[in-house]
Amino acid sequence: MTAFRECAVGIIAAVEVEQLSAQEVSRDDGPVTTMAIPRNKLCGLVAATFTPMTQDNEINLSVIGQYVDYLVKVQGIKNIFVNGTTGEGLSLTVEERKLLAEEWISQGKDKLDRVIIHVGSLSIKESQQLAKHAAEYNASGIAVISPFFFKPQSIEALTEFLKEVASAAPSTPFYYYHLPEFTGVSLNMVELLDGIEKRIPTFQGIKFTSSDLLEFGQCVHKYQDRYALLYGKDEVLLSAMVLGASGAVGSTYNYIGNLCNKMLTVTEKGDFNMAREYQLCSQDQIVCLLSLRSHMENTSTSGFIASYECIFKTGREGKLLNECNRIFKTTQAVVQEFIGSVNRFGFGVAENKVTMILVSGIPLGPPRLPLLECSEEKRAKILAKLKILGILT
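It should be emphasised that the depicted structure is a prediction, and the values quoted were computed from it without experimental measurement.

K.L.:
Explain the packing of aromatic side chains to me, and be specific about the residues and the numbers.
P.N.:
Geometrically, a pair of aromatic rings is defined through the distance of the ring centres and the angle of the planes. Counted according to the given criterion, the structure contains 9 aromatic pairs. Pairwise contacts between aromatic rings join Phe174, Phe203, Tyr223 and Tyr227 into one cluster. For Lys207, the ring lying beneath its charged end belongs to Phe81, and the centroid distance is 4.5 Å.

K.L.:
I'd love a proper account of helix α5 (residues 155-166), names of residues and values included.
P.N.:
Between the first and last C-alpha of α5 there are 16 Å, a value that for 12 residues agrees with the 16 Å anticipated at 1.5 Å per step. Across the 12 residues of α5, 9 count as buried, placing the element largely inside the fold. Those residues of α5 not exposed but buried are Ile155, Leu158, Thr159, Phe161, Leu162, Lys163, Glu164, Val165 and Ala166.

K.L.:
So what about the pattern of salt bridges? Which residues, and what values?
P.N.:
For the coordinates displayed, the defined rule picks out 11 salt bridges. Its salt-bridge partner being Lys163, residue Glu160 comes within 3.4 Å of it at the nearest N-O pair. Taken together, the residues Glu160 and Lys163, both in helix α5 and 3 residues apart, mark about one turn of the helix. Among the salt bridges present, the one from Glu160 reaches Arg199, with a minimum N-O distance of 2.9 Å. Here the residue Glu160 occupies a position in helix α5, and Arg199 occupies one in helix α8 (residues 196-199), the gap between them amounting to 39 residues. When salt bridges with common partners are traced through the structure, they connect Glu156, Glu160, Lys163 and Arg199 into a single cluster.

K.L.:
Quick rundown of the packing of helix α17 (residues 349-360) against helix α18 (residues 376-388)? Include the residues and the values.
P.N.:
Between two packed helices, the angle of one axis relative to the other and the distance separating the axes together describe the packing. Where α17 contacts α18, the axes come no closer than 10 Å and their chain directions differ by 55 degrees. With respect to α18, the element α17 is oriented oblique. Crossing handedness for the pair α17 and α18: right-handed. The residues of α18 that touch α17, namely those facing Glu351, Val354, Thr355, Ile357, Leu358 and Val359, are Lys378, Arg379, Ile382, Leu383 and Leu386.

K.L.:
An account of unusual backbone geometry is requested, with residue identities and associated values reported.
P.N.:
Across the junction of Leu369 and Pro370, the peptide omega takes the value 15 degrees, indicating a cis bond. Summarising the element assignment, Pro370 is placed in the loop between α17 and α18. The residue Glu88 is not glycine, and still its phi comes out positive at about 55 degrees. Of note, Glu88 is situated in the loop between β4 (79-82) and α3 (94-108). The residue Asp110 is not glycine, and still its phi comes out positive at about 65 degrees. Along the polypeptide, Asp110 turns up in the loop between α3 and β5 (114-118). Overall, Asp110 belongs to the exposed group, its relative accessible area being 76%.

About the cut-offs
Residues numbered from 1 in each chain as written. Predicted model: local features only at pLDDT ≥ 70, side-chain atom pairs only at ≥ 80, totals over all residues. Heavy atoms only, no water. Phe/Tyr/Trp six-rings, centres within 6.5 Å; stacked < 30°, edge-to-face > 60°. Lys NZ or Arg CZ within 6 Å of the ring centre and 35° of its normal. Helix = DSSP H or I, 4+ residues; strand = E, 2+ residues; numbered from the N terminus. Expected span 1.5 Å × (residues − 1). Buried < 20%, exposed > 50% of the residue type's maximum accessible area, 1.4 Å probe, protein only. Salt bridge = Lys/Arg side-chain N within 4 Å of Asp/Glu carboxyl O. Axes fitted to C-alpha atoms, helices over the stretch in contact; angles between N-to-C directions. Parallel < 35°, antiparallel > 145°, perpendicular 65-115°, else oblique. Left-handed = near helix turned anticlockwise from the far one by under 90°. Contact = heavy atoms within 4.5 Å.

The following block contains the structure:
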């Protein structure tokens, strides 16, 4: 049984525990001794949390306790990633990010297994400040995205930046958040992993949010036994699992985490022939749905539902049709179908946040500018899709 599967269904796994030796990391203000920490590999599903907002666009800490309980009790999710892309971290002030980190850590005590705080910023000083703060409040780990205005132009430059941030929290597990499609920093992650532990003793792994499965596979092949290799593209989770991902970090695990855990359970049985057929079947549906693209925006919600129901009945013939209809309600096909279809009418943070509100009932509020609030038309279409797929009744 893989570590991914064990964590995903809540089984306490026997994970690699390797003691890191204390080591000095030089900084401008003198050497810092990094404390020895256990290498307890993060695995399973990790929800990238939304930041609750009031209608006045202020952070709303009051619902985070409810949010934690929902993730644990309803979705079966016990690991979270705070203040990342989904959480609009880079649209928040340093003080807001600190308050959110404190509240998530506090509310998650004795309920969550891991609370990873994203501390990335365009300013290295802000990142260090946030890293130090997260460590002081006993975060399970910190993660850092690459700066993306002035970008590191080499592995050496990126590693040096990461080392300086990590040195501000010398006893806290450290992860790199690889998001090249947003940052424009497309340095090879195998090259980053080569020898990084000598530079950053607290380094634990990567959140790999890229469609480049070849590169991800190379990371797995070389470092699967050493680092947490967490995949960040929810819609192709199955592919990452087959390659050997340690776990996954994503926004959809907030509201379909239980569904994804079921998918992991089915896949772990090892029937990849049937898993492949399920994948092909979901692709059939997505290809058909793409044909609606040209007139979707001019179609009423009722017309959209009718069109989808018609297409839903025209998948692969024979015994797979019944199996596909079933699997659409229980496995990865639902994930791909939902994400694939709503992507066509602009499924960004605003739409994703509305989906979480519809499914969970938690008042998360609007996103912060420059992101615009989800329109009522899109909200209605998302609601219709959730009902068709059985995510909402």
